[in-house]
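# Breakdown of the fold
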Amino acid sequence: MNLLDDEVLAVLLAIIVVGSVFSAAQLLRPSVTEPFTAIGLLNENCKIGEYPSKVFRGENLTLCIYLYNHMGYPLLMQVRYKIGTNTTLPTNTTPSPMPTLLVYNKLLDNGENITFHVEVPIAVNESYVGKRIALIFELWIYDIDRGEWVYDGRWVHLYVEVLEPPIP
Amino acid sequence: MLKKPLTIAIVLLLLMTQALSIHVYAIDEIDKESLWNKYLDLYRRTAVLAKRGINVSSIVVELRTVLELIEKGDNDSLVKASNLLESIEEKVTKLEGEADNIVLMENLRKYSIVAAILSIPLLFYLLFPRLYLAIWFRARKRWTVEK
């Protein structure tokens, strides 16, 4: 094969042109093209599945929360724990109207994720015994432009049935 | 006779020591609210630097440590957090001062690499035939041509 042949040279040149343009594009594109955040609810072993379905009123339930930051800059994230029902769940735009019972603050650099245990109280009164409640975990982020916490539009919840605690 | 004044003196000494220790504790007491506000301000400044493309990963690690200390909430942790925030503030202020230069140098570096990569096809087109021929002739320089 004669490498100086016009056709061979043209093919080699085409491969090199495509390769160099692709490499240059990789360098020029922004590191984060589609920013997003993520929140996940895991069981007490920090695994998906085998979530508790029944809880005792007043007990502390151990669960795991997963957070991920892909916003392109460090993100101060806050997980707010609330107890609600199917009528007081958050939406993509509004948080749950129920009061915040616990708050977890985490700082994640871009591309980082974290999984951490939470011990949440089943703080409901007797009227909820035998009923289904939702343990709600909302994701809030600190807005650096507004200088305040804003609801991110992401949440996770777990439905559990409340039982009366056993008499000791 | 001497017992009573001595007892009074000891009691006074003990009271003074106690008062002094309370006073010292009050000086060391850190206001959690102001510490948290300072933390939020430093986080905001760090995030702004990160958005400009400046590497702030080491500062983020330190801010994470401060967050843990603040959440612990005891006085020792708050004192440590306050000290750490001071050093973080120095670093952030320094980075903010150098930000324009860092961004300029980073852009120069990036676009130089892009220019170098994009010049490869042109260099190949110009140099490859000459290089190939040079190697071809060098490999065959001892060859003799037979009739």
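Cut-offs applied
- Residues numbered from 1 in each chain as written.
- Chains lettered and ligands numbered in written order.
- Predicted model: local features only at pLDDT ≥ 70, side-chain atom pairs only at ≥ 80, totals over all residues.
- Helix = DSSP H or I, 4+ residues; strand = E, 2+ residues; numbered from the N terminus.
- Buried ≥ 20, exposed ≤ 12 C-beta atoms within 10 Å, placed from the backbone.
- Contact = placed C-beta atoms within 7 Å.
- Nonpolar A, V, L, I, M, F, W, Y, C, P; charged D, E, K, R; others polar.
- pLDDT = per-residue confidence, 0-100.
- Pairing = 2+ DSSP bridges.
- Axes fitted to C-alpha atoms, helices over the stretch in contact; angles between N-to-C directions.
- Core = buried A, V, L, I, M, F, W, Y, C linked by C-beta atoms within 7 Å.
- Parallel < 35°, antiparallel > 145°, perpendicular 65-115°, else oblique.
- Left-handed = near helix turned anticlockwise from the far one by under 90°.

Looking now at the overall build of chain B. Across its full length, chain B holds five helices and zero strands. Going from the N terminus to the C terminus, chain B shows its helices and strands as α-α-α-α-α. Here chain B holds 147 residues, and 12% of them are scored as buried. Of the contacts made within chain B by residues no fewer than 6 positions apart, 69% connect residues no fewer than 24 positions apart.

All right, on to the interface of chain A and chain B then. Many descriptions give the size of an interface as the accessible area lost when the pieces come together. Taken together, the contact pairs 19 residues of chain A with 26 residues of chain B. For the side of chain A that touches chain B, the secondary structure elements donating two or more residues are α1 (6-28) and β5 (102-108) of chain A. The biggest single contributor to the side of chain A that touches chain B is α1(A), with eight residues. Of the residues contributing to the side of chain A that touches chain B, the split by class is 14 nonpolar, four polar and one charged.

Turning our eyes to something else, we now look at the confidence of the model for chain B. All names here are of chain B. Per-residue pLDDT for chain B has a mean of 86; in total, 85% of the residues score no lower than 70. Within chain B, no element has a lower average pLDDT than helix α1 (residues 3-28), which sits at 60, and none a higher one than helix α3 (residues 57-72), at 95. Below pLDDT 50 for its whole length, residues 20-27 participates in zero contacts with residues either more than four positions away or in separate chains. Interface confidence in the predicted complex, given as ipTM, is 0.85; pTM for the same model is 0.79.

Residue and element names in this part refer to chain A. In spatial order, the strands read β2-β8-β7-β4-β5; together these five strands make up an open sheet with mixed pairing. A single partner strand is all that each edge strand has here, and the edge strands are β2 (54-56) and β5. The mean angle between the axes of side-by-side strands here comes to 35°, regardless of whether they run parallel or antiparallel. With 12 bridges joining them, strand β7 (residues 132-143) and strand β8 (residues 148-163) adopt antiparallel strand pairing.

Moving on: the nonpolar core. Note on soluble globular proteins: their nonpolar side chains tend to be buried together. Ranked by internal contacts, the top residues of the largest apolar core, which has 41 residues, are A:M77, B:L42, B:L63 and B:V66. Contributions of two or more residues to this core are made by β3 (60-70), β4 (75-84), β5, β7 and β8 of chain A together with α2 (32-51), α3 and α4 (75-118) of chain B. The biggest single contributor to this core is β7(A), with seven residues. Ignoring any residue separated from it by four or fewer positions in sequence, one finds B:L42 in contact with B:L63, B:L85, B:I88, B:E89 and B:V92.

Attention now goes to the sheet that holds strand β1 (residues 36-42) of chain A. All names here are of chain A. Strand order in this open sheet of three strands is β1-β3-β6, and the pairing throughout is antiparallel. Looking at strand neighbours, the two that pair on one side only are β1 and β6 (113-121), the edges of this open sheet. Between one strand axis and the next, the sheet turns through 25° on average, direction left out of account. Note that β3 and β6 share nine bridges and pair antiparallel. Residue pairing for β6: I65 is matched across the bridge by F116.

This part takes up the environment of B:K110. Residues and elements named next belong to chain B. The residue K110 is located in helix α4 in this model. Judged by C-beta crowding, with 13 C-beta atoms within 10 Å, K110 ranks as partly exposed. Residues K110 and S57, 53 residues apart in the sequence, show an inter-C-alpha distance of 20 Å.

Residue and element names in this part refer to chain A. Relative to β8, β2 runs parallel, the two being bridged by three bridges. Looking at the pairing, F56 lines up with L163 of β8. Hairpin connection from β7 to β8: four residues lie between these consecutive antiparallel strands, with G147 at a positive phi of about 65°.

With that settled, the discussion passes to the environment of A:L108. Residues and elements named next belong to chain A. The residue L108 is located in strand β5 in this model. We classify L108 as buried; it has 20 C-beta atoms within 10 Å. Between the alpha carbons of L108 and T93 there is a distance of 23 Å; along the sequence they are 15 residues apart. Non-local contacts of L108, meaning those with residues more than four positions away in its chain, are made with L67, N69, P74, L75, M77 and I114.

Our focus in this paragraph is the packing of α1(A) against helix α5 (residues 120-139) of chain B. Helix-helix packing is characterised by the crossing angle of the two axes and by the distance between the axes. Running from N to C, α1(A) and α5(B) cross one another at 160°; their axes reach a closest spacing of 8 Å. If you check the angle between α1(A) and α5(B), you find them roughly antiparallel. In terms of crossing hand, the pair formed by α1(A) and α5(B) is right-handed. Where α1(A) approaches α5(B), its residues A:L13, A:I16, A:V17 and A:S20 are matched on the opposing element by B:I120, B:P121, B:F124 and B:Y125. Each residue belonging to the contact of α1(A) with α5(B) can be placed in one class, and the counts come to seven nonpolar, one polar and no charged.

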